[in-house]
Every structure is written in structure tokens, then in C-alpha cells.
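So the chains spell out like this:
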Amino acid sequence: MAANDSAEQIVERDVRELVRRRGLDPADGDAAAVRRLIDEVVADYQERSLTANLPLLLDLAQVAKSVADRVVGVGPLQPFFDDPEVEEIWINEPGKVFVAKAGRPRLTTTVLDEQQVHDLVELMLRSSGRRIDLSSPFVDATLADGSRLHVVIPDITRRHWAVNIRRFVLTANSLDELVRLGTLTAQCARFLDASVVAGLNLVVAGATQAGKTTLLNCLAAAIPPRERVITCEEVFELQVDLPDVVAMQTRQPNLEGEGEIRQRRLVKEALRMRPNRIIVGEVRQEECLDLLIALNSGFPGMTSIHANSAREALAKLTTLPLLGLVILSRAKWQLSDQEGCIVDRMQDVTAIGLARVSQCRSSVIESMPSPRRCSCVSV
């Protein structure tokens with residue numbers, strides 16, 4: 001024991017030693033056991049400090065929480081995970097840790113060092129089975145609480161590791177809850193509910209952090225419980241609370257560059273799993289063609305896409321298959337006979353329209369909008 005060790009440091013060292021001896025793993029279901037162990041060590045230390053020459057514990061509860069944050073949680077970032085208002089956490093460099101609340105970024109007073117950032121990333125990746133190194137300088141992973149982790153390291157970044165943690169703050173579980181929050185009007189909610197029940201294909205379009213995943217979850221809640229639903233995502237984000245659901249996510253290649261599972265493969269495999277409905281978390285690349293083919297096979301589906309408007313979302317659905325070197329006319333053919341709903345989920349307005357694509361000429365999509373249209377202000 002170092003002479004200048006504080007009481008908290010001594011407790012943390014004792015806890016880590018006992019965790020190692022007992023073979024406990026906080027990231028693998030032993031978090032509750034570790035928290036109980038921390039309480040026991042704190043109580044034992046308090047008794048020993050009365051008779052031995054040890055630094056005194058001034059606040060037992062605070063010491064137990066601080067040690068638990070470092071041993072079980074994510075150390076200096078744990079207070080942000082405990083705050084229900086924090087939507088996103090990102091680190092540009094060790095001395096600049098930002099959070100977003102109500103859509104507004106804020107620079108925090110938290111200051112880390114380079115090694116702390118690396119250790120935090122390794123800790124968060126441990127339970128996901130994913131890796132980051134010079135051969136794979138990007139990583140996407142889902143944390144235990146459902147948050148989405150994205151990390152980029154040098155020399156892709158200039159100097160420091162860039163870390164983004166997008167917390168999935170689920171403010172609504174159904175369309176009715178969106179109505180109560182003021183995000184949708186009752187008319188919009190009834191229209192979307194009827195569209196889901198009728199088996200229309202739905203695309204949620206909007207910018208990053210516009211609420212596409214939340215809206216997709218609420219739409220999925222309207223799916224009749226008798227249906228079998230297959231979800232395909234890059235990392236698990238959707239929370240579909242239905243009796244018959246299978247969720248799949250992509251996989252990174254291993255150290256030998258093998259074993260990668262792309263989202264395009266997931267969509268193909270979903271067709272072999274007797275689905276009544278397919279949900280693709282987001283289409284960004286050539287998997288869009290496989291989704292269009294799936295939707296043309298008799299299965300209704302849902303997905304989200306980055307786009308500025310409903311019309312641009314339709315245009316993007318026809319051009320994304322080009323990333324797979326597919327002739328554009330094939331994608332247009334797949335889309336031309338589909339009937340569905342494009343939900344444009346922007347930061348300040350949600351525009352909803354039912355459209356049947358009638359013609360696709362050159363790069364222009366001509367559609368006949370339904371008279372049933374409405375728009376509603378979101379928060």
C-alpha cells in the first residue's frame with residue numbers, strides 16, 4: 001500500500017483483487033455480485049480504519065458509488081449514463097468530452113487522459129466481441145444498456161481517438177405515446193396505425209438524431225401480434241415487443257479478414273425464416289436492392305433512410321443499389337409496383353404521405369400522392 005493512497009483507492013484495489021480471485025466478470029452478468037462485494041469491502045474497511053492506521057472514509061455511499069462506477073460502469077463517463085436526459089456522449093480528445101441534452105451539445109468539465117480513453121473503449125467493447133486496431137480503425141458496437149458505440153482511431157483521425165456513444169433514450173413505445181408527447185396528431189397516428197395493419201411498406205426518412213429509430217419502434221408496436229417479424233440491423237437498436245421476433249445484426253471480419261456478415265446477407269437470410277414482416281433498421285448501401293426484392297416477394301416491411309424529404313427518399317431507394325453495381329432500371333422496376341408510406345421525420349416537422357409510384361423515367365420518379373395527407377409538428 002502506497003503511503004499517499006486515499007481510502008477510495010485502497011477500497012478499489014481490494015475490490016479488484018477480490019473480483020479477480022473469485023472469477024467475477026461485471027460485463028458478463030456478475031455486475032450485481034460485484035456491487036454487493038463493493039458494499040462488503042467498504043463496510044470491512046470502515047471497521048478496520050477504526051483500529052488500524054488507515055485513511056478514514058468520510059462518505060461510505062459516495063465511495064461505494066465511485067468505486068462501482070470504475071469497476072462495474074464506465075468510470076468518469078458513468079454519471080452521463082445515469083442521467084436520463086443525456087442523449088449522446090462524444091469525445092473529440094481527452095480534454096474535450098461533450099454531451100447532448102434536448103438536442104443541444106454541451107462541453108462538460110470532465111477531463112480524461114489518453115490512456116483512460118483507450119481503457120474505456122476496450123472496456124465497452126469487451127462485451128460486444130468486436131475489436132478496434134490499426135487494421136480495423138472503425139468499430140460499431142452495442143453496449144449493455146442499448147447505447148450505440150462508434151470509435152475511430154488514428155491515423156484515420158488526426159491525433160486522438162474519436163468516440164461517440166449514442167444513447168437510445170426511448171421516449172415513446174407506441175404511436176399513442178407520440179400523440180401524448182405532441183410529436184404526432186391523432187389523425188397522423190390513426191393513419192400510420194392503419195398503414196401498418198394493412199401491410200403497407202413504410203420508410204422513415206430524416207436526418208441524424210431526428211428520431212427515426214424511435215418512430216420505427218412505435219410503428220413496429222402497431223404490428224398485429226400474430227405476425228412473425230425478422231429485424232436486420234448493423235447493431236441492435238430496435239426494441240420490438242412482439243411474441244414472435246427474431247433480431248439479427250451484422251458482424252465484423254476477424255483478424256484474418258474472414259467471417260464478415262453484411263446487412264445484405266441478413267436480408268437474404270431473413271427471407272428463409274418464414275417472415276410475415278421484415279424490418280431493416282436502416283438502408284445505406286447495396287442492401288437496399290435486396291430489401292426492394294424482399295418487399296416485392298409478398299412481405300410487407302419497414303426501414304429508415306437518411307433523406308431530406310419523402311420524394312428524395314424514393315429517389316435514394318432507386319440509386320442506392322448502384323453501390324452493388326446493379327443496373328438502375330432493375331431497382332426502379334422493383335420500386336415501381338410497390339405501394340407504401342414514406343414518413344419524412346425531420347427535426348421540426350413530420351410530413352406523411354401515401355404514394356403509389358406510377359412511373360420511373362430516367363432519374364425522375366413520378367408519383368400519385370393520395371389525398372390522405374397530413375403534417376404534424378414534432379418536439
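What you are looking at is a predicted structure, and each value in this text was computed from that prediction instead of being measured.

### Side note on the confidence of the model for the protein chain
Thinking step 1. Chain-level pLDDT for the protein chain is 80 on average; 83% of the residues reach the 70-or-more range.
Thinking step 2. Predicted confidence for residues 346-379 stays below pLDDT 50, and this span has 96 contacts to residues more than four positions away or in other chains.

### Regarding the environment of T110
Thinking step 1. Tracing the backbone shows T110 in the loop between β3 (104-107) and α5 (114-126).
Thinking step 2. For T110, a relative accessible area of 15% puts it in the buried group.
Thinking step 3. Once the C-alpha coordinates of T110 and V97 are considered, the two residues, 13 residues apart in sequence, prove to be 6.2 Å apart.
Thinking step 4. If we skip the residues at most four places from it in the chain, T110 touches P76, F80, P94, G95 and V97.

### Regarding the sheet that holds strand β5 (residues 148-152)
Remark on secondary structure: sheet strands pair via backbone hydrogen bonds, oriented parallel or antiparallel.
Thinking step 1. Strand order across the open sheet formed by six strands is β3-β2-β1-β6-β5-β4, with antiparallel pairing between neighbours. Both edges of this open sheet fall to β3 and β4 (138-142), since each of them pairs with a single strand only. Sheet twist, expressed as the average angle between the axes of neighbouring strands with direction ignored, equals 15°.
Thinking step 2. Both strand β1 (residues 86-93) and strand β6 (residues 162-166) contribute to a ladder of four bridges, which runs antiparallel. Each residue of the ladder has a partner; that of I91, found in β6, is V163.

### Focus: the side chain of E237
Thinking step 1. Along the chain, the position of E237 falls in the loop between β8 (229-233) and β9 (245-249).
Thinking step 2. By relative accessible area, E237 is classed as buried at 15%.
Thinking step 3. For E237, the contacting residues outside a window of four places in its chain are R148, F168, T213 and N217.

### Examining the packing of aromatic side chains
Thinking step 1. Evaluated as defined, the whole model comprises one aromatic pair.
Thinking step 2. Look at W90 and F98: their rings are 5.7 Å apart centre to centre, the planes differ by 5°, and that puts the pair in the stacked class.
Thinking step 3. With a relative accessible area of 17%, W90 lands in the buried category.

### Notes on the pattern of salt bridges
Any two side chains of opposite charge can pair, so long as their charged atoms come close to each other.
Thinking step 1. What the rule picks out here adds up to 23 salt bridges.
Thinking step 2. Among the ionic contacts, a cluster of salt bridges with common partners joins D140, R148, E234, E237, E282 and R284.

### Some points on the pairing of strand β7 (residues 201-206)
Thinking step 1. The element β7 is extensively covered by neighbouring structure, given that six of its six residues are classed as buried.
Thinking step 2. Where β7 lies against strand β11 (residues 301-306), five bridges are found, and the strand directions are parallel. The residue of β11 that forms the bridge with A205 is I305.

### Some words on unusual backbone geometry
In most cases, non-glycine residues show a negative phi, while peptide bonds are predominantly trans.
Thinking step 1. Residue D155 is reached from P154 by a cis peptide bond, and omega for that bond is 10°.
Thinking step 2. As for its placement among the helices and strands, D155 is situated in the loop between β5 and β6.
Thinking step 3. For R274, which is not glycine, the phi dihedral falls at a positive 55°.
Thinking step 4. Its place among the elements puts R274 in the loop between α9 (263-270) and β10 (277-280).
Thinking step 5. On the basis of relative accessible area, R274 is assigned to the exposed category, the value being 66%.

### Notes on the side chain of Q78
Thinking step 1. Tracing the sequence through the fold places Q78 in helix α4 (residues 78-82).
Thinking step 2. On the basis of relative accessible area, Q78 is assigned to the buried category, the value being 13%.
Thinking step 3. Apart from residues no more than four positions distant in its own chain, Q78 is found in contact with D69 and G73.

### Overview of α5
Thinking step 1. Taking 1.5 Å as the rise per residue, α5 with 13 residues should run 18 Å; its terminal C-alpha atoms sit 19 Å apart, in good agreement.
Thinking step 2. Those residues of α5 lying buried are V117, L120, V121, M124 and L125. Projected down its long axis, α5 carries its buried residues within an arc of 125°, all on one side.
Thinking step 3. Elements in contact with the buried residues of α5: β1, β4, β5 and β6.
Thinking step 4. At the N-terminal boundary of α5, the capping side chain belongs to D113, with an oxygen 3.1 Å from the backbone nitrogen of Q115.

Calculation notes
- Residues numbered from 1 in each chain as written.
- Predicted model: local features only at pLDDT ≥ 70, side-chain atom pairs only at ≥ 80, totals over all residues.
- Heavy atoms only, no water.
- pLDDT = per-residue confidence, 0-100.
- Contact = heavy atoms within 4.5 Å.
- Helix = DSSP H or I, 4+ residues; strand = E, 2+ residues; numbered from the N terminus.
- Buried < 20%, exposed > 50% of the residue type's maximum accessible area, 1.4 Å probe, protein only.
- Pairing = 2+ DSSP bridges.
- Axes fitted to C-alpha atoms, helices over the stretch in contact; angles between N-to-C directions.
- Phe/Tyr/Trp six-rings, centres within 6.5 Å; stacked < 30°, edge-to-face > 60°.
- Salt bridge = Lys/Arg side-chain N within 4 Å of Asp/Glu carboxyl O.
- Expected span 1.5 Å × (residues − 1).
- Arc of directions from axis to C-beta.
- Polar contact = N/O pair within 3.5 Å; in protein donor to acceptor, adjacent residues only side chain to side chain.

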